[in-house]
Amino acid sequence: MNALFLLAAEAEEQPPLIPHPDELIIGLIAFVIVFGFLAKKLLPNINKVLEERREAIEGGIEKADAAKIEAESVLEQYKAQLAEARHEAARMRQEATEQGTAIIQEMKAEGQRQREEIIATGHAQIEADRKAASAALRQDVGKLATDLAGKLVGESLEDHARQSRTIDRFLDELEEKAEAAR
């Protein structure tokens, strides 16, 4: 215990917050050694890593700016292409409308032509039927008239040429009277 008392007595002579000069020198030497080691070995690695990070960040920012500029350029190209596509679609719609109108006009003209053709064919058919009916009627009327005249006269009127002339003359007179009456 004596040693403890001696140490306590020595400790009382020096203030507790101020270190002993021997400890101060040893601590200072240890600090210089550790600081020198850190400055020689660790600090260049730290600076190197910090520089790489700074370059990576700056490169990333530059790449981001370049990507942003490229994206804006591509966006403008897409907008231009979209506007061009819209213009082309409008032009195609206009062409389709014009073609549709032209087709409708052509179909109307074709329908009108076919209608006129059908009407002309109908008129020709009616005229042919009328002539055929008229000829058949002339023949039938002539035959009946000669038969009747033969019965009235009491003899046969079989001479075809004479019979045909008489019938034609009679029917022509009837037609003239009918036209005059109109």
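All figures in this text were calculated on a predicted structure; none of them were measured in a lab.

**Q** Now, about the overall build of the protein: what can you tell me, with residues and values included?
**A** Helix and strand counts for the protein come out as 3 helices and 0 strands. In the protein, the succession of helices and strands from N to C terminus is α-α-α. Burial status across the protein gives 4% buried among its 182 residues. On the protein, roughly 16300 Å² of surface is accessible, and the fraction owed to carbon and sulfur atoms is 63%.

**Q** Hey, could you go over the pattern of salt bridges for me, with residue numbers and the actual values?
**A** For the structure on display, the rule yields 7 salt bridges. Across the pair Arg-113 and Glu-117 runs a salt bridge whose closest N-O atoms are separated by 2.7 Å. Here Arg-113 and its partner Glu-117 are both found in helix 2 (residues 21-153), 4 residues apart, which amounts to about one turn of the helix. Residue Glu-117 is classed as partly exposed on the basis of its relative accessible area, which comes to 46%. Salt bridges linked by common partners bring Glu-51, Arg-54 and Glu-58 together as one network.

**Q** Go over a nonpolar patch on the surface, please, and point to the residues and values.
**A** On the surface, a nonpolar cluster with roughly 620 Å² of combined accessible area is contributed by Val-34, Phe-37, Leu-38, Leu-42, Leu-43, Ile-46 and Leu-50. If you trace the backbone, Val-34 turns up in helix 2. What makes Val-34 partly exposed here is its relative accessible area of 48%.

**Q** Talk me through the packing of aromatic side chains; I want residue IDs and the actual numbers.
**A** Considering all chains together, one arrives at 1 aromatic pair under this definition. Relative to Phe-35, the ring of Phe-31 lies with its centre 6.0 Å away and its plane at 20 degrees, an arrangement referred to as stacked. With Phe-31 and Phe-35 both in helix 2 and 4 residues apart, the pair spans about one turn of that helix. Summarising the burial analysis for this pair, Phe-31 and Phe-35 share the class exposed.

What counts as what
Residues numbered from 1 in each chain as written. Predicted model: local features only at pLDDT ≥ 70, side-chain atom pairs only at ≥ 80, totals over all residues. Heavy atoms only, no water. Helix = DSSP H or I, 4+ residues; strand = E, 2+ residues; numbered from the N terminus. Buried < 20%, exposed > 50% of the residue type's maximum accessible area, 1.4 Å probe, protein only. Areas by Shrake-Rupley, 256 points an atom, 1.4 Å probe, with all protein chains shown as cover. Salt bridge = Lys/Arg side-chain N within 4 Å of Asp/Glu carboxyl O. Patch = residues over 30% accessible without salt bridge, like charges linked within 9 Å, V, L, I, M, F, W, Y side chains within 5 Å. Phe/Tyr/Trp six-rings, centres within 6.5 Å; stacked < 30°, edge-to-face > 60°.

In short, shape yes, function no, at least from these values alone.
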